[in-house]
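Coordinate inspection notes
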Amino acid sequence: ELALKSLGNEGLFLFSSLDTNNDLYLSPEEFKPIAEKLTGVAPISEFEEEETPDPSGEMLSIVAKFQPLVMETMTKSKDGFLGISHVALSGLRNWTVAAAPMSMMLARQFKAFLPPKNKLHLGDPWWIIPSELNIFTGYLSNNRFYPPPPKGKEIIIHKLLSMFHPRPFVKTRFAPQGAVACIQAISTFYYTIAFRIHAEFQLNEPPDFPFWFSPGQFTGHIILSKDSSHVREFKLFVPNNRSLNVDMEWLYGASESSNMEVDIGYLPQMELESTGPSIPSVIHDENGNVIDSRDPSGEPIQFVFEEITWQQEIPWEEAAQKLEVAMYPFKKVSYLPFTQAFERAKAEKKLVHSILLWGALDDHKPLSASLPLPGSGRTLRETVLESSPILALLNESFISSWSLVKELEELQTNRENEFYSKLADLHLEKYNFPVEMIICLPNGTVIHHINANYFLDITSMKPEDVESSIFSFSNNFEDPSTATYLQFLKEGLQRAKPYLQT
């Protein structure tokens, strides 16, 4: 109360965003973002002091390619952003180019991507940055402007993402956080490492309120020597193959409980790529003498690199799937593209288990995950869809798929394939915001469906208060949500028996 009286709402909001341990005192470390902002001088980090460039160490040149969010893809653009202040979106509208189009980095900094000694098999995932959140720990505060100082392996990820924007958070507010990697290929001296990173950006600064920009994921690969002295190739990017790939959330007040707007949109390009292999920062001749990096005519000396012969490798798709399952255990069940799921169901004479969402199910934070609302994809995937009984039944009796509402709306209007259009139509007829779980026959006929809000409402009730016998609780499982979802699937199988027996 005293702090509120002294600072007012707006001042307390800014103070709280810096006071990370909530002790009502700002330590020098907590005050650092403001000091850097006011002075324009950023002190050299401990990491950079420790990592004094080796005179013979190699440097890697990385370029950033960035195309800003397509504003017209935001849902709120349909009514001309009615009721949304221009200030709220200023950080987004002003972010039109990468913060650093090019950067030179030490090859040895990429040692963070090397596997631990117990993860040397192809496709065996490990955590570069472990996820510290789950459904029980909740999520981190929305009321923050400046990222905490990165530590350890976070430093290289933070440095890379800072090429896009000066305020990357390498640990997202929501699970699953972090970065996961696996070996995609092995040679005598090199690894190809595939990786997936969940990170987000804070686009606003005081006196504006926070605006969070959360790409679905960053993925990519690095080819580096086993001693990390040489990087042959590096690429990191946000996938742009789906119609929506970014979540956005912004606050409308000076407290954690203030109103929050949410939206989704499409980012055409956000990628980092090495311009070539890493090269020595200093060149020595055979006698150890330093020589000029340019030849007598003034042209840079050209380096010749040996060809890498891979002894073992797996396809990129397989490596990406391993990383996805590490992030999301519910993906132990294959979720096929919408139309492909119905083709497979017809061939295998199975039912389709389909999840229809406004935001994505397997991006790091599907839309509405941040809100205290039931029905988010995040709650589903971290509870029932990960449970062993559900995974077993889905693998045995269903073909699974998840789709964005926007994608099915586009399919619905595609008259080139009437069957696909009809499938989309049947699904959208049953959809209610934010998530609808649907069971249907291979011909698209819906035989059972339940809205995630209703599902989570009834699983939070006492068993004696649940009226519907369809969603009755079972004594076999302690978790009522697992028992109820299992009942939902079994009821679908029961209703489909006449079809499955023909």
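Refer to the structure above for everything that follows.
Residues numbered from 1 in each chain as written. Predicted model: local features only at pLDDT ≥ 70, side-chain atom pairs only at ≥ 80, totals over all residues. Heavy atoms only, no water.

Focus: the overall build of the chain
When its secondary structure is counted, the chain shows 14 helices and 22 strands. Taken across its 502 residues, the chain has 50% of its residues classed as buried. Of the roughly 24,000 Å² of accessible surface on the chain, 53% is carried by carbon and sulfur atoms. (Helix = DSSP H or I, 4+ residues; strand = E, 2+ residues; numbered from the N terminus. Buried < 20%, exposed > 50% of the residue type's maximum accessible area, 1.4 Å probe, protein only. Areas by Shrake-Rupley, 256 points an atom, 1.4 Å probe, with all protein chains shown as cover.)

A closer look at helix α11 (residues 418-430)
Helix length check: α11, at 13 residues, gives a terminal C-alpha distance of 19 Å against a target of 18 Å (1.5 Å per residue), a fit within 8%. Here α11 has its buried residues at Y420, S421, L423, A424, L426, H427 and L428. Elements in contact with the buried residues of α11: α7 (338-348), β19 (351-357), α10 (405-412), β21 (435-440) and β22 (446-451). The N-cap residue of α11 is N417: its side-chain oxygen and the backbone nitrogen of F419 are 3.2 Å apart. (Expected span 1.5 Å × (residues − 1). Contact = heavy atoms within 4.5 Å. Polar contact = N/O pair within 3.5 Å; in protein donor to acceptor, adjacent residues only side chain to side chain.)

Remarks on the nonpolar core
F110, F113, F164, F213, F218 and F234 are the most contacted members of the largest nonpolar core, which has 56 residues in total. Those residues within four positions of F213 in sequence are excluded, and the remaining contacts are L69, L92, W95, E200, F201, L203, V246, D247, M248 and L267. Core analysis: the next-biggest nonpolar cluster, separate from the first, contains 41 residues, C182, L380, F455 and L486 among them. (Core = buried A, V, L, I, M, F, W, Y, C linked by side-chain atoms within 4.5 Å.)

A look at unusual backbone geometry
The residue after A175, namely P176, is reached through a cis peptide bond having omega -5°. Tracing the backbone shows P176 in the loop between β4 (168-169) and β5 (178-186). Residue P434 is reached from F433 by a cis peptide bond, and omega for that bond is 0°. Summarising the element assignment, P434 is placed in the loop between α11 and β21. The backbone of F81 sits at a positive phi, close to 55°, despite the residue not being glycine. Take F81: it is sitting in the loop between β1 (58-67) and α4 (90-94). At K349, a residue that is not glycine, the phi angle is positive and equals roughly 55°.

Quick word on the packing of helix α9 (residues 388-397) against helix α13 (residues 480-495)
Contact geometry of α9 with α13 gives a least axis separation of 10 Å together with a crossing angle of 15°. With respect to each other, α9 and α13 are oriented roughly parallel. Note that α9 runs across α13; the crossing there is left-handed. Of the residues in α13, those in contact with P389, I390, L393, L394 and S397 of α9 are T482, Y485, L486, L489, K490 and L493. Residues of the contact of α9 with α13, tallied by class, amount to 8 nonpolar, 2 polar and 1 charged. (Axes fitted to C-alpha atoms, helices over the stretch in contact; angles between N-to-C directions. Parallel < 35°, antiparallel > 145°, perpendicular 65-115°, else oblique. Left-handed = near helix turned anticlockwise from the far one by under 90°. Nonpolar A, V, L, I, M, F, W, Y, C, P; charged D, E, K, R; others polar.)

Focus on the pattern of salt bridges
For the coordinates displayed, the defined rule picks out 15 salt bridges. Here R173 makes a salt bridge to E200, at a shortest N to O gap of 3.0 Å. Placement of the pair is R173 in the loop between β4 and β5 and E200 in strand β7 (residues 200-202), with a sequence separation of 27 residues. For the pair shown, R173 and E200 are each scored as buried. Here E324 and K331 are joined by a salt bridge, their closest N and O atoms 3.6 Å apart. An identical accessibility class is assigned to E324 and K331; each is buried. (Salt bridge = Lys/Arg side-chain N within 4 Å of Asp/Glu carboxyl O.)

Regarding the sheet that holds strand β8 (residues 211-215)
Taken in spatial order, the 5 strands of this open sheet run β4-β7-β8-β11-β12, and their pairing is antiparallel. Strand pairing shows two members of the sheet lacking a second neighbour, β4 and β12 (260-265), which therefore form its edges. (Pairing = 2+ DSSP bridges.)

Quick notes on the sheet that holds β22
In spatial order, the strands read β18-β20-β19-β21-β22; together these 5 strands make up an open sheet with mixed pairing. Lying at the two open borders of the sheet, with one neighbouring strand each, are β18 (335-336) and β22. Taken together, the 6 bridges between β19 and β21 define a ladder with antiparallel strand orientation. Directly across from L357, in β21, lies its bridge partner V435. Along the sheet, α9 makes contact with β18, β19 and β20 (398-404), crossing β20 at roughly 105°. Sheet contacts for α13: β19, β20, β21 and β22; angle to β22, the most-contacted strand, approximately 165°.

Any functional reading would require information beyond the geometric quantities listed.
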